[in-house]
Every structure is written in structure tokens, then in C-alpha cells.
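Inside the fold
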Amino acid sequence: MNWDQIEGNWKQIKGEAQVQWGKLTNDDLDVVAGNREKLEGKLQERYGYAKDEAKREVDDFMSKH
């Protein structure tokens with residue numbers, strides 16, 4: 001699945017994102033609203049990831065869908 005598909009199905013996928021990244025709140029995921037850059041930013045904020053590490057995390061998540 002490409003990111004456009006994930007973004008289009010965000011309401012269904014955000015539960016899986018919360019399972020993957022338990023530190024992200026429902027409010028965080030509502031703000032992300034399927035936007036990849038916002039998701040990477042929230043991962044950096046909540047987990048202290050570097051930009052590259054957050055990108056890898058999102059790439060791994062995307063490859064599972």
C-alpha cells in the first residue's frame with residue numbers, strides 16, 4: 001500500500017498506528033490525519049527519534065500495509 005492509500009484509509013489504519021506506537025494519543029493521531037510528515041514529527045516528539053529514524057519507522061509501518 002502506498003502512502004496515498006494509507007492517508008485515504010487513515011480512520012481504519014490509525015488504530016494499527018496506535019498499537020505500533022503506543023505513546024501516540026488519539027489526539028496525536030487525529031492531528032496527523034494521515035499526513036506522513038506530521039506522523040514523523042509526532043514520532044520525533046513522543047519517542048525522541050531523529051528525523052531519519054522516524055522516517056524509517058514510518059517506512060516499516062507502511063511496508064506492513
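That block above? That's the structure.
**Some points on the overall build of the protein chain**
The helix and strand tally for the protein chain stands at five helices and zero strands. Counting from the amino terminus, helix and strand elements in the protein chain follow one another as α-α-α-α-α. In summary, the protein chain has a C-alpha radius of gyration of 10 Å against a globular reference of 11 Å for 65 residues, a match within 12%. Each of the three principal axes of the protein chain carries a C-alpha extent, and together these read 25 × 20 × 20 Å. Going through the 65 residues of the protein chain one by one, you find that 31% of them count as buried. Counting only contacts in the protein chain whose residues sit at least 6 apart along the sequence, the fraction spanning at least 24 positions is 41%.

**Let's talk about the packing of aromatic side chains**
One pass over the full model with this rule turns up two aromatic pairs. Ring centres of Trp21 and Phe61 lie 5.0 Å apart, and the angle between their planes is 45°; this geometry places the pair in the tilted category. One end of the pair, Trp21, is in the loop between helix H2 (10–20) and helix H3 (26–32); the other, Phe61, is in helix H5 (residues 51–63), with 40 residues separating them in the sequence. A relative accessible area of 1% places Phe61 in the buried class. Look at Tyr47 and Tyr49: their rings are 5.2 Å apart centre to centre, the planes differ by 20°, and that puts the pair in the stacked class. Since its relative accessible area comes to 17%, Tyr49 is described here as buried. The ring of Trp3 has Arg36 lying over it, and the distance from NZ or CZ to the ring centre is 5.7 Å.

**Some words on the pattern of salt bridges**
Across all of its chains, the model carries eight salt bridges by this definition. Note that Glu45 is salt-bridged to Arg46, the shortest N-O span being 3.8 Å. Here Asp59 ties to Lys55 by a salt bridge, and the two come within 3.4 Å at their closest N and O atoms. Taken together, the residues Asp59 and Lys55, both in helix H5 and four residues apart, mark about one turn of the helix. Take Lys55: its relative accessible area is 41%, and that puts it in the partly exposed class. A single salt-bridge network, built from bridges that share partners, covers Asp28, Lys42, Glu45 and Arg46.

Parameters at a glance
Residues numbered from 1 in each chain as written. Predicted model: local features only at pLDDT ≥ 70, side-chain atom pairs only at ≥ 80, totals over all residues. Heavy atoms only, no water. Helix = DSSP H or I, 4+ residues; strand = E, 2+ residues; numbered from the N terminus. Rg over C-alpha atoms; globule rule 2.2 N^0.38 Å. Buried < 20%, exposed > 50% of the residue type's maximum accessible area, 1.4 Å probe, protein only. Contact = heavy atoms within 4.5 Å. Phe/Tyr/Trp six-rings, centres within 6.5 Å; stacked < 30°, edge-to-face > 60°. Lys NZ or Arg CZ within 6 Å of the ring centre and 35° of its normal. Salt bridge = Lys/Arg side-chain N within 4 Å of Asp/Glu carboxyl O.

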